[in-house]
Amino acid sequence: MPGLGASFGRGAATTFQQDLANSDCILIMGSNMAEAHPVGFRWPLKAKEKGATLIHVDPRFTRTSALCDVFVDIRAGSDVAFLGGLVNYVLSNDRWFQEYVLNYTNASTIIQEGFQDTEDLAGLFSGYRGDGETGKYDAVEGHWGYEGCPGGTGDPAGSGQSFRVRMLRGEHGIQGHDLEGGAPSHSAPRKHMTSAPGGTPPRDPTLQHPRCVFQILKRHFARYSPEVVSRVCGCTPEELVRVAELLCANSGRERTSVIVYALGWTQHTTGVQMIRTAGILQLLLGNMGRPGGGIMAMRGHSTIQGSTDLATLYDVLPGYLPQPAADEQHETLDSYVEHEGLPTGYWANFRKFVVSLLKAWYGDAATPDNDFAFSWLPRVDGDYSQLLYFDRMARGEVKGYFLFGQNPGGGGPNAGLHRAGLRNLDWLVVLDWFEIESAVFWKNDPNGPRPAEIKTEVFFIPAAASPEKEGSLTNTQRMLQWHDKAIDPLGDCRSDAWFLYNLGKRLKQLYAGSTDPRDQPLLRLTWDYDFEERPRLPDGTVSRIEGEPDLEKVLQEINGYHLDEADPRTGRPRLVTAFSELKEDGSTACGCWIYSGVFPEPGRNRARERKLTDNPLQPEWGFAWPDNRRVLYNRASAAPDGRPWSQRKKLIWWDQESRHWVGLDRPDFEQEKPPDYRPTPGATGMAAIAGDQPFIMKPDGLGWLYAPGAVKDGPLPTHYEPIESPVGNLLYPRQTCSPTVRTFEGPLNLLAHTPTAEYPVVATTFRLTEHYLSGPMSRFNSWLNELQPAMFVELSPELAADRGIVHGGWLTVESARGRIEARAMVTRRLRPLLVEGRMVHQVGLPFHWAFAGEVVGGNANDLTSLVADPNVSMHEAKAFACQIYAGRLAGHTPTPTKSAAPWPTLEPVPDTPAAAQPEGRLGHGK
């Protein structure tokens, strides 16, 4: 989540769901929390019971809206404009928390001369190279950095490196993960944007310098007036002002507001900047690091947070370390650390984290003499994100593919292109519970060629279900929770871990004895996670599964251990208790530094802990990274002098007697650093962070209102239209869409570029409580299918009347990529919006149906496009253009690939009133 990382230092939710109950005002935007996260939604409702105001801003009126005090409907894809209007209101009405902003943000920092804003360049920032439709920024050439930093002087890179070498990664289209949560917008050393030689970049505490961040921010957002926002978003000016007033009234010393978002923000080409705008707003209001404040990022999967923490992305190593690229700057460990590390703040420990990771992976083979085997890490030489990879696959450039935990044939954006890619493979291995679309595309795709014409050889491996395997899940609030195995999987079903572990063993056996240097990384990889003895199930019986890895051993390696010290209890290397113990000399090994502390001693897996205490943060329930801190940046919960902003909102504070930070949470700060500490000139590491600078992952210890080079599409958020929109960009007429977005146009991925008249209706996708993602885990469940049996489209009565569509009847939705049919749900949950002087209609499509399972139907993902934002290659399924017709499609329609489960009985449930009997056939005597 680079929007959060660029603003605060870590790309993760800054608080925890239970803390929402402590909020005085909750803005839910880009999320239908009541239906998509119904269990977590109890906490906003608890806040409401205590008097908090709940606000929902969304294109659709949903169950979340129904339970909120205020609902504002806006056009899908216009979120930056709405949030920008809130920022402008706070600034123009002097409603910002002055003491917080002056001390805890970079508002006073002066930016390099030569930087030009979108206000100067009609929607572009300085440093842009491209045609206005697809291009890239160079933050160094654009002078985005702090005044006095080397990134804006003479040599554009500030490093003496040739332009050819400096731009190598950019030419390959590599994203390049940033320490601060996203992709950098330049190829100079990271420190060159923020680190002034010999000291702190110049600041103006009066906030009057024309190039200080505060003045740049005010000029940038000045055009986002309530009237202009109304014309862009479709809301009224009064609605924007009401939301702004509620947030301002509920922020400050005594009160805090929180922002909750989910995929409704992330799945846009401007999604990173939507989150950035929310970060700016929360910094201005003084809500970061405080109880009832922060930004709650609601994840879409049970452990999607864990998957990014442990680096399933192609451009990142565990713990958000950048994957080395095929560049001269990454040739050696020294040059990699020099180029990617930061001299001040907590990332000054970068080398410790990298070396410890290499020791965990390569053990004794990683030595100082061979650069700790740094050369064995694969180098990124191109863009291997899913969207571009499947575009490459569709063109026949990929031979084989392992697929588990995903369904691109049904759930990928422009799923038809994804299926075309699967048809071009020589082989495909699918691990799943059911024969999903990605496993049966070759025989059941109603729009595909005949099976005989498809060359792909598909291997389907039955996977174990959740109760049939153990392991940890890292949830949306960074909390690791262990789940134990209840039963053995049926038949030949195996866990994902079993498959990967045994595949690794077989590959090592296959290459055993090789002396080829390129085989050594595989052969020397640590791979010793066998159980000491066959594990037992909860009922006491011995598991029948052979070869299952001991995942607690894996978690211990992830936690880290001392290689030069044995634990007398086990004779094995002593486990580290925190990442502060990691060393750069090779004496520690750690598979993911941010998880250090989760397994601090033998027999204590903190992810398994479930102890309730009097502390409302429940620190002994699971383990939250980093270091079990539940609220990130919590030094900001106290004033600069270390005392709580208020007794009502205290979390941690400086105890003068003990000379420690104390309180309810683990301090996200050096525990013994006093508030009045000031660094000496030239200080490095954490010694360079003052006692009143809470954002320790930032090189200046401050929250970033302005992000100098941390994201690829600009240091400040700017409203751009989606790639497909029926209207132009009212705020920046000469720059309709993001100038850095990547498109992959071709016969399989046609686009209706903004503004489009051919497709005048705005479409957005959404989730139902009864189904999960594209349906692999729910459309094979008869009980869930009974609750939501068929694909439908939500549309307003006005649009339905205009197109001759009746409620419950058939309709057709068409985009530039294809057409689907569905039932019509005519509802006032959507209404036409007055945008730029004309009425714009919107429709909502659930994305859970496709052609495999007990129930099948039109696939919303067949309509979406393959486009990618510049930071994380995110698609734009939440806003695209379409056309709506009455009636069905002609031709073949999908039929279920699996029969529904028979009812176990037709008799009523005993001792249960009729109103509580299950719906459907049960008890109806049929």
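Residues numbered from 1 in each chain as written. Predicted model: local features only at pLDDT ≥ 70, side-chain atom pairs only at ≥ 80, totals over all residues. Heavy atoms only, no water.

Attention now goes to the overall build of the chain. When its secondary structure is counted, the chain shows 25 helices and 30 strands. Relative to the globule expectation of 29 Å for 926 residues, the C-alpha radius of gyration of the chain, 27 Å, shows essentially globular dimensions. Taking the principal axes of the C-alpha coordinates as reference, the chain spans close to 80 × 70 × 60 Å. Every one of the 926 residues in the chain was classed for burial, and the buried ones make up 61%. (Helix = DSSP H or I, 4+ residues; strand = E, 2+ residues; numbered from the N terminus. Rg over C-alpha atoms; globule rule 2.2 N^0.38 Å. Buried < 20%, exposed > 50% of the residue type's maximum accessible area, 1.4 Å probe, protein only.)

The tally for this structure, following the rule as stated, stands at 51 salt bridges. Between arginine 255 and aspartate 24 there is a salt bridge; the shortest N-O distance is 3.5 Å. On the criterion of sequence distance, the pair formed by arginine 255 in the loop between helix H11 (237-249) and strand E6 (257-261) and aspartate 24 in the loop between helix H1 (2-8) and strand E1 (25-29) is long-range, its members being 231 residues apart. Residue arginine 255 is classed as partly exposed on the basis of its relative accessible area of 30%. Salt-bridge contacts for glutamate 794 lead to arginine 60; the nearest nitrogen and oxygen are separated by 3.0 Å. One end of the pair, glutamate 794, is in strand E23 (residues 792-795); the other, arginine 60, is in the loop between strand E2 (53-58) and helix H4 (63-67), with 734 residues separating them in the sequence. Pair check on accessibility: glutamate 794 and arginine 60 agree, each one buried. Connected via shared salt-bridge partners are Arg10, Asp627, Arg629, Arg666 and Asp668. (Salt bridge = Lys/Arg side-chain N within 4 Å of Asp/Glu carboxyl O.)

We now examine a nonpolar patch on the surface. On the surface, a nonpolar cluster with roughly 280 Å² of combined accessible area is contributed by Phe402, Trp427 and Phe459. Secondary-structure assignment places tryptophan 427 in strand E11 (residues 427-432). Residue classification places tryptophan 427 among the partly exposed positions, given a relative accessible area of 31%. (Patch = residues over 30% accessible without salt bridge, like charges linked within 9 Å, V, L, I, M, F, W, Y side chains within 5 Å. Areas by Shrake-Rupley, 256 points an atom, 1.4 Å probe, with all protein chains shown as cover.)

On to the sheet that holds strand E24 (residues 810-814). With mixed pairing, 6 strands are arranged side by side around a closed barrel as E22-E28-E23-E25-E24-E30. Along the sheet, successive strands turn relative to each other by an average axial angle of 45 degrees, direction set aside. Of the strand pairs in this sheet, E23 and strand E28 (residues 842-846) are connected by 2 bridges, and their pairing is antiparallel. When the sheet's bridge partners are listed, leucine 795 is paired in E28 with valine 843. (Pairing = 2+ DSSP bridges. Axes fitted to C-alpha atoms, helices over the stretch in contact; angles between N-to-C directions.)

Here we come to the sheet that holds strand E18 (residues 623-624). Strand order in the open sheet formed by 3 strands is E13-E14-E18, and the pairing between neighbours is antiparallel. Lying at the two open borders of the sheet, with one neighbouring strand each, are strand E13 (471-474) and E18.

Moving on to empty space enclosed by the protein. Here the structure, examined in full by the defined rule, presents 5 cavities of 30 Å³ or more. One number sums up the size of the largest cavity: a volume of about 350 Å³. Taken together, 23 residues form the lining of the largest cavity, with Gly30, Asn32, Gly264, Thr765 and Lys878 sitting closest to its centre. Taken together, the elements giving at least two residues each to the lining of the largest cavity come down to E2, helix H12 (263-266) and strand E22 (761-766). No other element matches the 3 residues that E22 contributes to the lining of the largest cavity. Among the residues making up the lining of the largest cavity, the classes are represented as 8 nonpolar, 10 polar and 5 charged. (1 Å grid on protein atoms, 1.4 Å probe; cavity = no way out; pocket = protein on both sides within 12 Å on 5 of 7 lines; lining within 4 Å. Points joined across faces, edges and corners; volume = space filled by probe spheres on them. Nonpolar A, V, L, I, M, F, W, Y, C, P; charged D, E, K, R; others polar.)

Glancing now at the packing of helix H17 (residues 386-394) against helix H19 (residues 415-423). Contact geometry of H17 with H19 gives a least axis separation of 7 Å together with a crossing angle of 55 degrees. With respect to H19, the element H17 is oriented oblique. Where H17 crosses over H19, the two elements pack in a sense that is left-handed. Together, Gln386, Phe390, Asp391, Met393 and Ala394 of H17 and Leu417, His418, Ala420, Gly421 and Leu422 of H19 make up the contact between the two elements. Split into classes, the residues belonging to the contact of H17 with H19 amount to 6 nonpolar, 3 polar and 1 charged. (Parallel < 35°, antiparallel > 145°, perpendicular 65-115°, else oblique. Left-handed = near helix turned anticlockwise from the far one by under 90°. Contact = heavy atoms within 4.5 Å.)

Once that is clear, we can look at the nonpolar core. Membership of the largest hydrophobic core comes to 170 residues, with the highest contact counts inside it found for Phe82, Leu86, Leu284, Leu321 and Trp593. Excluding its chain neighbours within four sequence positions, the residues that come into contact with leucine 86 are Leu27, Leu240, Val243, Ala244, Leu247 and Leu281. In this structure, Phe766, Phe847, Val855 and Phe880 belong to the second largest nonpolar core, which totals 26 residues. (Core = buried A, V, L, I, M, F, W, Y, C linked by side-chain atoms within 4.5 Å.)

The next subject is helix H9 (residues 213-221). Within H9, 7 of the 9 residues are buried, which leaves the element mostly enclosed by the surrounding structure. Considered for burial, the residues of H9 that qualify are Val213, Phe214, Gln215, Ile216, Leu217, His220 and Phe221. Those residues of H9 that are buried lie in contact with helix H5 (79-92) and helix H13 (271-285).

To continue, consider the pairing of E28. Counting buried positions along E28 gives 5 out of 5 residues, so the element sits mostly inside the fold. Burial along E28 is two-sided: the face carrying Gln842, Gly844 and Pro846 and the face carrying Val843 and Leu845 are both buried.

Under the definition given, this model contains 48 aromatic pairs. Ring plane angle 25 degrees and centroid distance 5.2 Å describe the contact between tyrosine 261 and tryptophan 265, whose orientation is recorded as stacked. A residue is classified by how much of its surface remains accessible, and tryptophan 265, at 0% relative accessible area, is buried. With 5.3 Å between their ring centres and 70 degrees between their planes, phenylalanine 402 and tryptophan 427 make a pair best called edge-to-face. Of this pair, phenylalanine 402 sits in strand E10 (residues 400-404) while tryptophan 427 sits in strand E11, placing them 25 residues apart in sequence. Ring pairs connect the aromatic residues Tyr336, Tyr346, Trp347, Phe350, Phe353, Phe374, Phe579 and Trp593, which therefore count as one cluster. Positioned over the ring face of tryptophan 498 is arginine 494, at 5.5 Å from the centre of the ring. The positively charged end of lysine 650 is found above the aromatic ring belonging to tryptophan 653, 4.8 Å away from the centroid. (Phe/Tyr/Trp six-rings, centres within 6.5 Å; stacked < 30°, edge-to-face > 60°. Lys NZ or Arg CZ within 6 Å of the ring centre and 35° of its normal.)

Once that is clear, we can look at the confidence of the model for the chain. Here the chain shows a mean pLDDT of 93. Residues at 70 or above account for 95%. Considering only residues more than four positions removed or in separate chains, one finds that residues 153-174, a stretch of pLDDT under 50, has 54 contacts. A low-confidence stretch, residues 921-926 stays under pLDDT 50, and its non-local contacts, those more than four residues away or across chains, total 13 contacts. (pLDDT = per-residue confidence, 0-100.)

Glancing now at helix H3 (residues 42-49). Regarding H3, the residues found buried are Trp43, Pro44 and Ala47. Along H3, the residues classed as buried sweep out an arc of 100 degrees about the axis, all on the same side. Tucked inside the fold, the buried residues of H3 contact E1, helix H2 (33-36) and E2. (Arc of directions from axis to C-beta.)

What follows is about the pairing of E23. Side chains Phe792 and Glu794 of E23 all project onto a buried face; the interleaved residues Val793 and Leu795 project onto the opposite face, where all are buried too. In this sheet, strand E25 (residues 819-826) lies alongside E23 in parallel orientation, the contact comprising 4 bridges. Note on E25: the bridge partner recorded for phenylalanine 792 is arginine 823.

What follows covers the packing of H5 against H9. For the pair H5 and H9, interaxial distance at closest approach is 9 Å and the crossing angle is 125 degrees. Between H5 and H9, the angle is such that the two are oblique. Crossing angle aside, the handedness with which H5 passes H9 is left-handed. Contact residues: Gly84, Val87, Asn88 and Leu91 in H5; Phe214, Leu217, Lys218 and Phe221 in H9. Of the residues contributing to the contact of H5 with H9, the split by class is 5 nonpolar, 2 polar and 1 charged.

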